[in-house]
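Below, each chain spelled out in residue letters.
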Amino acid sequence: MRYPRILLAILCGLAASSARAADDAIAVEVPKREKPVSYAKEVADVLDAKCAGCHSGALAENKLKLDDVAGMLKGGKHGPAIVPGKADESLMFKMASHRVKPYMPPVDKKDVTPLTPAELGLVKLWIDAGAKDDSAEAAAEAKPIELGPLPAGVRPIVAVDLTGEGRRVAAGRGNIVTVYDADSGLEIAELTGHQDIIQSLRFSPDGSRLAAGSYRFVTLWNAPTGGEVRTFAGHNDQVKGVVVSADGKTIASAGLDKTVRLWNPADGKETRKIDVPNAQVLAVALSPNGQSVAAACGDGTIHVFNTADGKELHLLKGHGGAVNGVVFVREGRALATVSADGTGRLWSLGKAGEPAILLGHNGPVLSIAATADGQSLLTGGQDGTVRLWHAADGRAAKVVASLGAPVHALAASPDGKSLLAGCADKAARRVDLPSGKVLATFGGHGGPVQGVAYSPTGDLVATAGAEGGVKVWDAASGAGIIAFGHRSPDVNQPIQGINAVAFLGDEGLITASASKTLKTWSFRGTFGAWTLAPPLGPHAFRVLAIDFSPDGRILATGGGEPSRSGEVKLWDVATGSLIRSIDDLHSDTVFGVRFSPDGTRLATCAADKFLKVVGVADGKELRVFEGHTHHVLAVDWRADGKQLVTGGADNVLKVWDYAAGEQIRTAQAAGKQVTAVRWVANKPEVAGASGDKTVHFWNPDNGGMFRTFSGPDDFVFGVAVSADGSLVAAGGADGNLFLWRGDNAQVLRKIAPR
């Protein structure tokens, strides 16, 4: 038979193709088995690793799903993928074993290798035996994972976040979330509730909530908020003392500039400056009626002035050393003082005569306070003791406590049942007055505690340290609530030591500092502070990503089982109820979720190498971005919502145009994986954490890397940036939390694990 030339060419081509396919075929090693092959326990893992990246619910190329048996039986554009009982007639098996083209996985997918002979043998044996789906039986048999305690010393920081203004920073160190004041480095709270390593963290936009994700669950805490209200400037040297009048309408301060100053707390304006002749003022007190102010001076004198006109009413002499403390007693008719000369004195202001001398301390007396009724005095000394005296005549009552460290500051509770002592060993102690028992210890300061105070209700206490931090605590439990750092007016200078603190109502403070200023602070949310809401879950596996919507009402979570599924869920923050589970969006673990600035869209990125955007209202897919060659580990939006940035395990950062659905550029590569990204609001700056032990700043408009933040000794997992870009926080495998200045990469603070 004679064939047309074109037909001969086709037949010859088919024969050659068949010969090449036979040459390319992978050997099949069928195992000898008595028990049937399990799809759920054996075959599914093989297909997830080699096939599900392109053929799954999230990305079903040619309409073919290979991530479950039903999808294989249904098939795609070219018919069923498997024929139960006949592996050699099953298209999926023939392509996977390179017996027919196109070969699977595609040869151009360099990061996915073909099935091995042993894997092909397992798949063949399963298909030949009828391709049974035993997923339900395997799930029923599976035992839930029970987590034991983390091994000692496992304290990596995988996730960090900053409040928008950059004043508080949270770090997931191991399975504990620790919250710090960024200015002072003071630990505010240590939050527990997770068994596994904290994988994700996020403050709500207003800072009133903190969410943390770990194995299967997300925890939500109510977080107090607050910050600096006003700076009172005017003193020309350190401000050593501060006191608030009983009606809260006047503040008096004492300065080393030899002045006492009176202030209006409402607007921070100075209402009167009183010069104290030739003497630095170390402490100050206001009479109960606010008509007199007393100044304790470094030359051993005490001056009493009329607050209305600043005229001197009394000049008291007798101490042989600097007067460290002063307080009015007996309804303002008497004054008590303590001195470096080792004594205290009780002065009657309306009568002539010698003061009563309080003897008993061994060494300088550093601090003094009066009980709320004005009938008893408390003094603290260099000798570490706190002593109680009768305010009527100065008689010694008893030694209340021996605290083992010099007592720099004292305060009495409003109910008269306890006292608060600030000590040189960087801690304050609340002591029961009747028994002398230490009820609570407030530690963590970086220097001596130089100021202490009770709130008007006595529910809260404040401690202030020489390192420049002030912290508010729950008086009864000793739990931290909020903290602040007394920054210098010069931003290039470190925070300044705090010498004294007083409450302004139950939700405010005033501090006196070495920076020559006073500052007022406000805070909210102390009732129920750091309380834990019911956890959100369960999730399929670890929760690797969290984000709050811009209005704080919705929480997005991302995770999934590695190589099996991606998981994205939306939760109602107020009720803790699940709003929507966005199924089949990604075929592998989700590493990043981020709401658009207007809250209408959610960007997600995953191990399947895709960046996707869905509508928040309906969960429908809006955009798909492809370009990374490895896991996409992080995502963020530009402030205008027009661009996105991603970081990947391929060591690169990519910038995307949302409207066009296209990649704009690939930025300069980091040394290792880009594990987290944050776009600095309203600036052409993107921060990215990297496994190369650094944080980098990129210019997304040209892709260049222009600043590097160094310090960590190991892989860096997380990064956070304040809204204005002035503060950068990051943590990594070494467990150290770093804070840098955003403009010059200067290390501001390194907080090591305790």
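Definitions and limits used
Residues numbered from 1 in each chain as written. Predicted model: local features only at pLDDT ≥ 70, side-chain atom pairs only at ≥ 80, totals over all residues. Heavy atoms only, no water. Helix = DSSP H or I, 4+ residues; strand = E, 2+ residues; numbered from the N terminus. Rg over C-alpha atoms; globule rule 2.2 N^0.38 Å. Buried < 20%, exposed > 50% of the residue type's maximum accessible area, 1.4 Å probe, protein only. Contact = heavy atoms within 4.5 Å. Areas by Shrake-Rupley, 256 points an atom, 1.4 Å probe, with all protein chains shown as cover. Lys, Arg positive; Asp, Glu negative; His and termini not counted. Charge placed at Lys NZ, Arg CZ, Asp CG, Glu CD. Pairing = 2+ DSSP bridges. Axes fitted to C-alpha atoms, helices over the stretch in contact; angles between N-to-C directions. pLDDT = per-residue confidence, 0-100. Parallel < 35°, antiparallel > 145°, perpendicular 65-115°, else oblique. Left-handed = near helix turned anticlockwise from the far one by under 90°. Nonpolar A, V, L, I, M, F, W, Y, C, P; charged D, E, K, R; others polar. Salt bridge = Lys/Arg side-chain N within 4 Å of Asp/Glu carboxyl O. Expected span 1.5 Å × (residues − 1). Polar contact = N/O pair within 3.5 Å; in protein donor to acceptor, adjacent residues only side chain to side chain.

**Looking at the overall build of the protein**
When you go through the protein residue by residue, the secondary structure sums to six helices and 55 strands. A compact globule built from 754 residues would reach a C-alpha radius of gyration of about 27 Å, whereas the protein, at 35 Å, exceeds it by more than 25%. Viewed in the frame of its principal axes, the protein has a C-alpha envelope of about 140 × 55 × 40 Å. Residues classed as buried in the protein amount to 54% of the 754 residues present. Sequence separation of 24 or more characterises 47% of the internal contacts of the protein that already satisfy a separation of 6 or more. Carbon and sulfur atoms provide 50% of the accessible area of the protein, an area that totals close to 31200 Å². Averaging the positions of the 79 positive and the 80 negative side-chain charges in the protein gives two centres separated by 1 Å.

**A short note on the pairing of strand E38 (residues 567-572)**
With five of six residues buried, E38 lies mostly within the body of the structure. Pairing analysis gives three bridges linking E38 to strand E39 (residues 578-581), with the strands arranged antiparallel. In the sheet register, Lys 569 faces E39, and the bridge partner there is Ser 581. A loop of five residues connects E38 with E39, the two strands running antiparallel in sequence, and Gly 576 in this loop sits at a positive phi of about 75 degrees.

**What about the sheet that holds strand E27 (residues 428-432)?**
Read across the open sheet, the four strands follow the order E25-E26-E27-E28; overall the sheet is antiparallel. The strands lining the two open edges of the sheet, one partner per strand, are strand E25 (407-412) and strand E28 (438-442). Taken over all neighbouring pairs, the strand axes of this sheet differ in orientation by 20 degrees on average, direction set aside. When E25 meets strand E26 (residues 418-423), the two strands line up antiparallel, connected through five bridges. The partner of Ala 411 across the bridge, within E26, is Leu 420.

**A look at the confidence of the model for the protein**
Of all residues in the protein, 94% attain a pLDDT of 70 or more, and the chain-wide mean is 91. Below a pLDDT of 50 lies the segment residues 1-21, which in the model reaches six contacts outside its immediate sequence neighbourhood of four places, other chains included.

**Brief notes about the packing of helix H2 (residues 39-50) against helix H5 (residues 117-128)**
The geometry of H2 relative to H5 is characterised by a closest axis approach of 10 Å and an angle of 125 degrees between their N-to-C directions. On the basis of the axis angle, H2 is oblique to H5. As H2 runs across H5, the sense of the crossing is left-handed. Of H5, the residues touching H2 (which contributes Tyr 39, Glu 42, Val 43, Val 46 and Lys 50) are Glu 119, Leu 122, Val 123 and Trp 126. Partitioning the contact of H2 with H5 into residue classes produces six nonpolar, no polar and three charged.

**Thoughts on the pattern of salt bridges**
A complete count under the given rule lists 29 salt bridges for this structure. As a salt-bridge pair, Glu 42 and Arg 33 come within 3.1 Å of each other at their nearest N and O atoms. The partner of Asp 547 in a salt bridge is Arg 594, and the shortest N-O contact between them spans 2.8 Å. With Asp 547 in strand E36 (residues 543-548) and Arg 594 in strand E40 (residues 590-595), the pair connects residues that are 47 residues apart, well separated along the chain. Per residue, the accessibility class of Asp 547 equals that of Arg 594, and both read buried. Residues joined in a network through salt bridges with shared partners are Asp 161, Arg 202, Asp 547, Arg 594, Asp 636 and Arg 678.

**Focus on the environment of Tyr 39**
Within the secondary structure, Tyr 39 sits in helix H2. Of the residues examined, Tyr 39 reaches a relative accessible area of 4% and is grouped as buried. Residues Tyr 39 and Asp 181 lie 142 residues apart in sequence; the distance between their C-alpha atoms is 52 Å. Filtering out sequence-adjacent residues up to four positions away, Tyr 39 remains in contact with Ala 44, Asp 67, Asp 68, Val 69, Met 72, Trp 126, Lys 132, Asp 133, Asp 134 and Ser 135.

**Considering H5**
Taking 1.5 Å of rise per residue, twelve residues should cover 16 Å, and H5 covers 16 Å from first to last C-alpha, within 8% of that figure. The inward-facing, buried residues of H5 contact H2, helix H3 (69-74) and helix H4 (91-96). Following H5 by one or two positions, Gly 130 adopts a phi angle in the positive range, close to 115 degrees.

**A few points about H2**
The complete set of buried residues in H2 reads Tyr 39, Ala 40, Val 43, Ala 44, Val 46, Leu 47, Asp 48 and Lys 50. Where H2 starts, the residue carrying a side-chain oxygen 3.4 Å from the main-chain nitrogen of Ala 40 turns out to be Ser 38.

**Things to note about the sheet that holds strand E6 (residues 209-213)**
What the three strands build is an open sheet, ordered E5-E6-E7; its pairing is antiparallel. Among the strands making up the open sheet, the edge pair consists of strand E5 (200-203) and strand E7 (218-222). Strand-to-strand twist of the sheet, defined as the mean angle between neighbouring strand axes without regard to direction, takes the value 15 degrees. Across five bridges, the pairing between E6 and E7 is antiparallel. Each bridged residue has a counterpart across the sheet, and for Ala 212 the counterpart in E7 is Thr 219.

**Digging into the pairing of strand E52 (residues 716-721)**
Counting buried positions along E52 yields five of six residues, so the element is predominantly enclosed. Of the pairings in the sheet, the one linking E52 to strand E53 (residues 727-732) comprises five bridges and is antiparallel in character. Note on E53: the bridge partner recorded for Val 721 is Val 728. A loop of five residues connects E52 with E53, the two strands running antiparallel in sequence, and Gly 725 in this loop sits at a positive phi of about 80 degrees.

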